[in-house]
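# Structure at a glance
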Amino acid sequence: MSRRNLLRGAAVGAGAVTLPALLSACGDGPGGNKNEVTVGSNASDPVPKKAYAAAFTAYEKKSGKKVKVNTKDHNDFQENINRYLQGTPDDVFMWFAGYRMQYFAEKGLLHEISDVWGGFSGFSDALKEQSTHAGKQYFVPYYYYPWAVFHRKSLFQSKGYQQPKTWDEFIALAKKMSKDGVPVAFCDKDGWPAMGTFDYIDMRLNGYDFHKSLMAGKESWTDTKVKNVFDTWRELMPYYQKGALGRTWEEAGQSLQQRKTGMAVFGMPHPGTQFPESERDDIDFFAFPEIDPQYAQDAVEAPIDGFLVARKSKNLDGAKALLKWLGTPKAEDTYLALDPNNVAVNDGADTSKYSALQKKSAQLVSGAKQISQFMDRDTRPDFASTVMIKAIQDFIGNPKDVDGLCNSIERQKKTIFSSPVG
Amino acid sequence: MRRFTRRDVVVLGVLLGIPILLDIVIIWGPTLASIGLSFTSWDGVGDIHWVGGDNYKNMVENYPVFWPAVRHNILWLLFLGLIATPFGLFLAVLIDRGVRFSRFYQSTIYLPVVLSLAIVGFMAQLILGTDQGVINTILNNHDNPVDWLGDSHINLWMMMIAASWRHTGYVMILYLAGLKSVDPQLKEAAAIDGANERQTFFRVVFPTLRPVNVIVGVITVIEALRAFDIVYAVNKGRNGLELLSVLITDNIIGEASRIGFGSAIAVVLLTVSLGFIVTFLVQELRGARDR
């Protein structure tokens, strides 16, 4: 028994680090059925859950194999991912591209699938890069969704609002909305939705390259550039709906649907899943406004979701066969037919049935000079979850003390990024 | 002393050995492991790096939620101990005196005890939600809703009240059982001696409740430490609801595996809990001896 195993064994009781994994292991039969692929799913919301079910059924019909989906609550899945991958993971699991995938690849918890990528076509180089760590592929991208400023077309028409292009126009619009009793929707009880606004202001004000190296821990959070982001953000604060820290994104999405709020910085599925089907054509968006003409609206935040194989996968052949199929345009079409809140990644996907919103989203992303993944996917997960959630919530609660906030983030960043890893 | 037969030794060995083994594996092993890990940096996958007291230094100096969490832990203990528990005793006395509909009150006040604290948290959200909560709907204050759960000055108190809703009934039923067992002759004797109601209660009845007090004291401490359930259900224990147990979870569980750092917080929680438990036990044991 190695030292590592010994300590891990001791930790079982200490923090129940692997206890649930052990418990779930009891339920699993030994070995694993070669004709069955298990998929760990974080798609717990009804719309994606149904769409995934359709996609897997299509695969079952085509291949004659069985796909067993284990769906867990979206947030629980994310929080338990570390234990999940070290315990008894499913053969294939859903996860995110970029830094969050690379982090697990670096730790040796993922299975390399470069051979599967060899058979792919229709993926851009940018997508391949998002799926790659140290020259090897680990990720099959499935769909993405852009972040933008979403609103109801009909509300804009009835009130005579115009989609703003620049920050000044944006603030003027927000001010008007606030006066009209339909303030800007805002929520951060979940801790992450407000990160999108930070990302966009930073990319518009300081450019994508600065944002990326800030996320990588290479820039100082006490830099004036970062303080400017918070100061700029504060201009928008008075026009937000009150009580953001007690509101979930679902509630904010519903307030947009009920015409109680005028617009919101969201990812496409957020308003999409909160609007009844008959009203989805009324959703529209505009790109986050320009702040510095030098960076214009070049960068777009568009997180990519997809599939990976855990190192401990039991049915590797089955997993790879499934991934091979999931990388085809047909597989994406099957999914998107039932989930109109996302956009296909494969060039060969059928866009003729896209809604106006999906078409516009595809255009927004294809016209982007840079694509970011979202704060909690672009930086170390321990930094995003233990430092930034609290920092941004503090800022929302008290937007005045930017200096103190930035100093605190920087001090914590230093300890986290300098702690030995591996 | 009689010599034990071999069989006795084996039986004793098994009967004592298994509990001792379990005690070591389940209690002492993890405790010592936590203390050991608190001096290391470990991401849960790779190697373990010795970092000395860095975690503790970092926790006290750089971790902005640490002190609020300590404060909140103590507040929970004080709130339950000084407000909710005495209130449960008060209700028990009222019902024991036979106010009208006392059986009805007894049942309704006890009812929430069957719920888990996490469920109480979900219910609290339905009642206190900013946009769709019952209270704000009744107040009809759409333009300027009270942010019961999001305002860090209010939400802790709301959660403590919600938890007390459940705790009070629990305490009440325990005291009620205790009060029923107090010999009525004691009260009569006190009345004959000229004691008024209040004196009878505090000088005669309450001291006889000593065994119940011990149980209620322990339960109050346990409930205060279990506050994790309710705050985690509400907003993952963030933004004003921080507790040491939440910080441990945040750091150890999840993608953010800072197991060494989380263990250091766990050691602090262990010290805080031991402090209360040891003081309490010493008091009680000393009290029992004096009697």
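### Concerning the overall build of chain A
When helices and strands are tallied, chain A shows 21 helices and 13 strands. Rg of the C-alpha trace for chain A: 22 Å, near the compact-globule value of 22 Å for 422 residues, within the 12% margin. For chain A, the C-alpha atoms occupy an extent of roughly 65 × 50 × 35 Å along the three principal directions. For chain A, buried positions account for 57% of its 422 residues. At a minimum sequence separation of 6, the contacts of chain A that also span at least 24 residues come to 77%. The centroid of the 53 positive side-chain charges in chain A is displaced by 4 Å from the centroid of its 51 negative side-chain charges.

### Notes on the environment of Trp117(A)
All names here are of chain A. Structurally, Trp-117 is set in helix α7 (residues 114–118). Accessibility expressed as a relative area gives 7% for Trp-117, which makes it buried. Along the primary structure Trp-117 and Asn-341 are separated by 224 residues, whereas in three dimensions their C-alpha atoms are 26 Å apart. In contact with Trp-117, not counting residues within four places along its chain, are Phe-123, Leu-127, Lys-128, Ser-131, Gln-137, Phe-139 and Pro-141.

### What to know about unusual backbone geometry
Positive phi is not limited to glycine here, since Ala296(A) has a value of about 40°. Note on placement: Ala296(A) falls in the loop between β9 (283–286) and β10 (299–301). Phi is positive for Lys236(B), which is not a glycine, with a value near 60°. Positionally, Lys236(B) belongs in the loop between α11 (228–235) and α12 (244–252).

### Thoughts on the nonpolar core
If you look at the biggest cluster of nonpolar residues, it comprises 132 residues, and the most contacted ones within it are Phe93(A), Phe198(A), Phe230(A), Trp233(A), Phe307(A) and Met388(A). Here this core takes eight residues from helix α20 (residues 381–397) of chain A, the largest share from any one element. For Met388(A), the residues in contact, after removing those within four places along its chain, are Met195(A), Trp221(A), Met375(A), Phe383(A) and Ile409(A). Counting residues in hydrophobic clusters, the runner-up holds 26 residues, among them Leu80(B), Trp148(B), Leu156(B) and Ile230(B).

### Quick word on the environment of Gly135(A)
By the element assignment, Gly135(A) lies in the loop between β4 (132–133) and β5 (136–137). The class of Gly135(A) is exposed, set by a relative accessible area of 62%.

### Digging into the interface of chain A and chain B
With 50 residues of chain A in contact, the opposing surface of chain B contributes 45 residues. Between chain A and chain B, a total of about 3,900 Å² is buried, with carbon and sulfur atoms accounting for 51% of that surface. Counting across the interface, chain A meets chain B through two salt bridges. A salt bridge links Asp43(B) to Lys107(A), with the nearest nitrogen and oxygen atoms 3.9 Å apart. Taken together, chain A and chain B are joined by nine residue pairs in polar contact (both at pLDDT 80 or more). Taken together, the elements giving at least two residues each to the side of chain A that touches chain B come down to α1 (3–15), α4 (74–79), α5 (81–86), α6 (99–106), α14 (249–257), α20 and α21 (402–418) of chain A. Here the side of chain A that touches chain B is composed, by residue class, of 17 nonpolar, 18 polar and 15 charged.

### Looking at the sheet that holds strand β7 (residues 147–152) of chain A
Residue and element names in this part refer to chain A. Taken together, three strands build an open sheet; the order of strands is β8-β7-β9 and the sheet is antiparallel. Looking at which strands have only one partner, the edges of the open sheet turn out to be β8 (263–267) and β9. The sheet shows a mean angle of 45° between the axes of neighbouring strands, taken without regard to direction. For β7 and β8, the ladder comprises five bridges, and the chain directions are antiparallel. Opposite Trp-147, over in β8, you have Gly-267 as the bridge partner. Lying over the sheet, helix α18 (residues 356–366) contacts β7 and β9, oriented at roughly 15° with respect to β9.

### A few points about the pattern of salt bridges
Close approach of charged atoms allows side chains with opposite charge to pair. Residues and elements named next belong to chain A. Tallying each qualifying case throughout the model produces 21 salt bridges over all chains. Of the charged contacts, one joins Lys-413 and Glu-410 as a salt bridge, the two residues approaching to 3.4 Å between their closest N and O atoms. Note that Lys-413 and Glu-410 are positioned in helix α21 at a spacing of three residues, about one turn of the helix.

### Notes on helix α9 (residues 197–208) of chain B
Residue and element names in this part refer to chain B. Counted at 1.5 Å a residue, the expected span for α9 with its 12 residues is 16 Å, and the 16 Å between its end C-alpha atoms agrees. Turning to α9, its buried residues are Thr-200, Phe-201 and Val-205. For α9, the angular spread of the buried residues around the axis is 95°, confining them to a single face. Away from its buried face, by an angle of more than 90 degrees, α9 presents the exposed residues Arg-198, Phe-202 and Arg-203. Those residues of α9 hidden inside the fold are in contact with α3 (66–96), α7 (155–180) and α8 (184–192).

### A closer look at helix α17 (residues 329–336) of chain A
When we look at burial in α17(A), the residues that qualify are Ala331(A), Glu332(A), Thr334(A), Tyr335(A) and Leu336(A). In this structure, the buried residues of α17(A) make contact with α3 (46–63), β6 (139–144), α16 (316–326), β12 (343–344) and α18 of chain A.

### Thoughts on the sheet that holds strand β3 (residues 92–96) of chain A
Pairing between the strands of a sheet comes from backbone hydrogen bonds, and it takes one of two forms, parallel or antiparallel. Residues and elements named next belong to chain A. Taken together, six strands build an open sheet; the order of strands is β2-β1-β3-β11-β6-β12 and the sheet is mixed. Here the strands that pair on one side only, and so sit at the sheet edges, are β2 (66–71) and β12. Here β3 pairs with strand β11 (residues 304–309) via five bridges, running antiparallel. Counterpart to Met-94 in the pairing with β11 is Phe-307.

### Describing the packing of helix α11 (residues 195–206) of chain A against helix α13 (residues 224–236) of chain A
All names here are of chain A. One way to put it is that α11 packs onto α13 with a least axis distance of 9 Å and a crossing angle of 120°. Considering the angle they form, α11 stands oblique to α13. When the axes of α11 and α13 are compared, the crossing they make is right-handed. Within the contact between the two elements, α11 uses Thr-197, Phe-198, Ile-201, Asp-202, Leu-205 and Asn-206 and α13 uses Lys-225, Asn-228, Val-229, Phe-230, Thr-232 and Trp-233. A breakdown of the residues in the contact of α11 with α13 according to their chemical character gives six nonpolar, four polar and two charged.

Definitions and cut-offs
- Residues numbered from 1 in each chain as written.
- Chains lettered and ligands numbered in written order.
- Predicted model: local features only at pLDDT ≥ 70, side-chain atom pairs only at ≥ 80, totals over all residues.
- Heavy atoms only, no water.
- Helix = DSSP H or I, 4+ residues; strand = E, 2+ residues; numbered from the N terminus.
- Rg over C-alpha atoms; globule rule 2.2 N^0.38 Å.
- Buried < 20%, exposed > 50% of the residue type's maximum accessible area, 1.4 Å probe, protein only.
- Contact = heavy atoms within 4.5 Å.
- Lys, Arg positive; Asp, Glu negative; His and termini not counted.
- Charge placed at Lys NZ, Arg CZ, Asp CG, Glu CD.
- Core = buried A, V, L, I, M, F, W, Y, C linked by side-chain atoms within 4.5 Å.
- Buried area = accessible area lost by both parts, 1.4 Å probe.
- Salt bridge = Lys/Arg side-chain N within 4 Å of Asp/Glu carboxyl O.
- Polar contact = N/O pair within 3.5 Å; in protein donor to acceptor, adjacent residues only side chain to side chain.
- Nonpolar A, V, L, I, M, F, W, Y, C, P; charged D, E, K, R; others polar.
- Pairing = 2+ DSSP bridges.
- Axes fitted to C-alpha atoms, helices over the stretch in contact; angles between N-to-C directions.
- Expected span 1.5 Å × (residues − 1).
- Arc of directions from axis to C-beta.
- Parallel < 35°, antiparallel > 145°, perpendicular 65-115°, else oblique.
- Left-handed = near helix turned anticlockwise from the far one by under 90°.

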